[in-house]
Amino acid sequence: MTSNWAALTTAEPDLAKTVEDRFGSFTHHVLATLRKDGSPRTTGIEVRFLHGELWLGMMPDSLKALDLRRDPRFALQANPGAGTGMGGGDFRISGRAIEVGDDERAAKAAYVKEVEPPQPFHLFRTELTEVVRTYVEDDTYLVVEIWRPGEPVRTLKRT
């Protein structure tokens, strides 16, 4: 099951805000895609949360864009920041990235108006399969919060 960012903000608004704030703290994050041979590729990326969607914009014919056109599965890791503080935790988003086509001109125009990216570019809308936050609580517990579409947040604590 997949869903867009708006589904998370409706189902779990506190988690969604925490994730957006963390990604908003830094410009560059890490995107993992799959190469032709199935091996992983990691690259830097800027992301945007706009109009109920998590968007991935890319330079024309970049390897990550070509990877996603071939196999839409991705994992996105928030920039951990400087030092070891982790700014509220480690954040990961997984799902499928679907390229915005010519039949979605209004969606791409709205993105361009907000972001003003260099032209031309690839734009991908994401379908989420999992959002994970990992953090340390009270210097005692490792806490893992996991959200999947259609399910409440599951929280695991380890000592």
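Each remark here, short or long, concerns the structure printed above.
Read on for an overview of the structure.

What counts, and where the lines are drawn
- Residues numbered from 1 in each chain as written.
- Predicted model: local features only at pLDDT ≥ 70, side-chain atom pairs only at ≥ 80, totals over all residues.
- Heavy atoms only, no water.
- Phe/Tyr/Trp six-rings, centres within 6.5 Å; stacked < 30°, edge-to-face > 60°.
- Helix = DSSP H or I, 4+ residues; strand = E, 2+ residues; numbered from the N terminus.
- Buried < 20%, exposed > 50% of the residue type's maximum accessible area, 1.4 Å probe, protein only.
- Lys NZ or Arg CZ within 6 Å of the ring centre and 35° of its normal.
- Core = buried A, V, L, I, M, F, W, Y, C linked by side-chain atoms within 4.5 Å.
- Contact = heavy atoms within 4.5 Å.

## Some points on the packing of aromatic side chains
Here's step 1: In the structure shown here, the tally under the stated rule is four aromatic pairs.
Here's step 2: With a centroid separation of 6.0 Å and 65° between ring planes, the pair formed by phenylalanine 23 and phenylalanine 49 is classed as edge-to-face. Pair noted here: phenylalanine 23 is in helix α2 (residues 13-24) and phenylalanine 49 is in strand β3 (residues 47-50), with a separation of 26 residues, a long-range link. In this structure, phenylalanine 23 and phenylalanine 49 share a single accessibility class: buried.
Here's step 3: Ring pairing ties together the aromatic residues Trp5, Phe23 and Phe49, which thus form one cluster.
Here's step 4: A cation sits over an aromatic face here: arginine 133 above tyrosine 135, 3.9 Å from the ring centre.
Here's step 5: Its guanidinium or amino end placed over the ring of tyrosine 141, lysine 157 lies 5.1 Å from that ring's centre, counting from NZ or CZ.

## Let's talk about unusual backbone geometry
Here's step 1: Following glutamine 119, the chain continues to proline 120 via a peptide bond in cis, the omega torsion being -10°.
Here's step 2: Along the chain, proline 120 turns up in the loop between α4 (105-115) and β7 (122-137).
Here's step 3: At aspartate 138, a residue that is not glycine, the phi angle is positive and equals roughly 55°.
Here's step 4: Position of aspartate 138 among the secondary structure elements: in the loop between β7 and β8 (141-147).
Here's step 5: Of the residues examined, aspartate 138 reaches a relative accessible area of 62% and is grouped as exposed.
Here's step 6: If you check the backbone angles, aspartate 139 has positive phi at about 50° while not being a glycine.
Here's step 7: For aspartate 139, the location among the structural elements is in the loop between β7 and β8.
Here's step 8: Relative accessible area serves as the criterion here: at 78%, aspartate 139 is assigned to the exposed category.

## Quick look at the nonpolar core
Here's step 1: Membership of the largest hydrophobic core comes to 25 residues, with the highest contact counts inside it found for Trp5, Phe23, Leu56, Leu76 and Ile93.
Here's step 2: For this core, the elements supplying multiple residues, two or more each, are α1 (5-11), α2, β3, β4 (53-58), α3 (63-70), β5 (73-77), β6 (90-99) and β7.
Here's step 3: The greatest single-element share of this core, amounting to four residues, is contributed by α2.
Here's step 4: The contact partners of leucine 56, leaving out residues within four places of it in the chain, are Leu31, Ile45, Val47, Leu68, Leu76, Ala97, His122, Leu123, Phe124 and Thr126.
Here's step 5: With seven residues, the next largest nonpolar core counts Trp55, Val100, Tyr111 and Leu123 among its residues.

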